[in-house]
Amino acid sequence: MSYARTSGRPQTAGRVPALAFIHRNLMVYRHTWGILVASVLEPLLYLVSIGVGVGQLVGHVPGLDDPTVTYTQYVAPALLATAAMNAAVNETTFSAYHRLNEENVYDAVLRTPLTPADLAFGEIGWGAARGALSGTGFLAVMAVLGLVRTPVALLAIPAAALVGATFGALGLLVMTFLRGWQDFQLLQLFMLPMFLFSATFYPITVYPSAIQWLVRCLPLYPSISLLRGATLDDLGPSVLAAIAYLLVVGIVAWLLAARRLRRRLVR
């Protein structure tokens, strides 16, 4: 569904106006705090069932440079990255689609000084905030369970925000192509396999070389590498590569999403 709008203002991205849209979402979110609990509860169930349950059988993870890392400590940061990813994607796909097609929020916002580029930046910024919130909540759970090895793990909070921003941009871009609610099933056909095969529960070295390169291209894999580096105090070149990957993918997706929104909303 498209909305008619005419404006003589230049369609340029403004970061400060976008903060108004983030603030709007924050005010709405005050009344739906249970979503934050749910975003932490789902990965917690995986952590207890697989990280702790299977971890009792696995013990230490073979192939790691640090033999003192337990299986539960290995899985936990991957689930933290997953929590940040899911929180951001849910906001910029399901919630954003509802704001666009059911609540007509975008139509109302574009009657203000905000532009479609501001909208895109605001949605992605909110995705980053949701990723940071969910990541902080899950990091607190990890600390309670004794899975935080070092104060460096606090870097997981800005790392979760970066993961949220990248997946928020990707989610918003995907949202602009959705034709109806039934298309969300197609999104899940990609999200679930990515979660299962991005070295979430075992090292990437278990795959053949060709499959390893395919997995490395999935955006969740560098997200997990980044969060593992932060929580396990292993801040090597792989962490820098993960940050660069997420920044590039996020910026490209943001620019494409802003362009798609402009075409869809302004005529």
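Report on the accompanying structure.

This brings us to the overall build of the chain. Of the regular secondary structure elements, the chain holds 10 helices and 0 strands. Taking 18 Å as the expected radius of gyration for a compact globule of 267 residues, we find that the chain reaches 19 Å, a close match to that expectation. Expressed along its principal axes, the backbone C-alpha trace of the chain runs to roughly 60 × 40 × 35 Å. Counting the 267 residues in the chain, one finds 49% classified as buried. Within the chain, contacts between residues separated by at least 24 positions form 81% of all contacts whose residues are at least 6 apart in sequence. Carbon and sulfur atoms provide 70% of the accessible area of the chain, an area that totals close to 12,700 Å². Measuring between centres, the 18 positive side-chain charges of the chain sit 11 Å from its 12 negative side-chain charges.

Here we take up unusual backbone geometry. A positive phi angle, close to 60°, is found at A199, a residue other than glycine. Locating A199 in the fold gives a position in the loop between α7 (184-197) and α8 (209-217). Of the residues examined, A199 reaches a relative accessible area of 2% and is grouped as buried. One non-glycine residue, D233, lies in the positive phi region at around 55°. With respect to the helices and strands, the residue D233 is situated in the loop between α9 (220-231) and α10 (237-265).

The biggest cluster of nonpolar side chains holds 68 residues, and the ones touching the most others in it are Y106 and L172. Mapped onto this core, the elements with two or more residues apiece are α2 (34-58), α3 (71-101), α4 (105-109), α5 (116-144), α6 (156-175), α7, α9 and α10. With 15 residues, α3 is the single largest residue contributor to this core. For Y106, the residues in contact, after removing those within four places along its chain, are F21, A96, R99, L100, L119, E123, L172, M175, L261 and L265. A199, Y207, V215 and Y221 belong to the second-largest nonpolar core, a separate cluster that totals 5 residues.

Attention shifts here to the environment of E103. With respect to the helices and strands, E103 occurs in the loop between α3 and α4. Those residues in contact with E103, other than ones at most four positions away along the chain, are R24 and H98.

Once that is clear, we can look at the pattern of salt bridges. Pairs may arise between side chains of opposite charge once their charged atoms sit close together. For the coordinates displayed, the defined rule picks out 5 salt bridges. One salt bridge in this structure joins R99 and E91, with 3.9 Å as the shortest N-O distance. Side by side, R99 and E91 carry an identical accessibility label, which is buried.

The subject of this paragraph is the side chain of T231. Topologically, T231 is positioned in helix α9. From its side chain, T231 meets the backbone oxygen of L227 in a polar contact 2.9 Å long. Those residues in contact with T231, other than ones at most four positions away along the chain, are P77, L139, M142, R149, T150, A153 and A156.

Rules and cut-offs
Think of each chain on its own: its residues are numbered from 1, step by step along the sequence as written. Only residues with pLDDT of at least 70 are given local features in this predicted model, and only at 80 or more are side-chain atom pairs given and counted; all residues enter the totals for whole chains, interfaces and linings. Values shown for side chains rest on all heavy atoms present in the structure; no hydrogens or waters enter the calculation. Each helix corresponds to a stretch of at least 4 residues labelled H or I by DSSP, and each strand to a stretch of at least 2 residues labelled E; elements are numbered beginning at the N terminus. As a reference, a globule follows 2.2 Å times the number of residues to the power 0.38, and the radius of gyration itself is taken over C-alpha atoms. Relative accessibility thresholds used throughout: buried, under 20% of the residue-type maximum; exposed, over 50%; partly exposed, between the two (1.4 Å probe, protein chains only). Residue contacts follow a heavy-atom distance rule, with two residues in contact if any of their heavy atoms lie within 4.5 Å. Note that accessible areas follow from Shrake-Rupley with a 1.4 Å probe, and for residues the cover is restricted to the protein chains shown. Within this scheme the basic residues Lys and Arg register as positive and the acidic residues Asp and Glu register as negative, but His and the chain ends are omitted. Where a charge lies is defined by one atom per residue type, namely NZ (Lys), CZ (Arg), CG (Asp) and CD (Glu). Here, nonpolar core means buried Ala, Val, Leu, Ile, Met, Phe, Trp, Tyr and Cys residues that are tied together by side-chain atoms lying within 4.5 Å of each other. For this analysis, a salt bridge means a side-chain nitrogen from Lys or Arg found within 4 Å of a carboxyl oxygen belonging to Asp or Glu. Between N or O atoms, a polar contact is any pair within 3.5 Å; within protein, one atom must be a potential hydrogen donor and the other a potential acceptor, and residues adjacent in sequence are included only when both atoms are from side chains.

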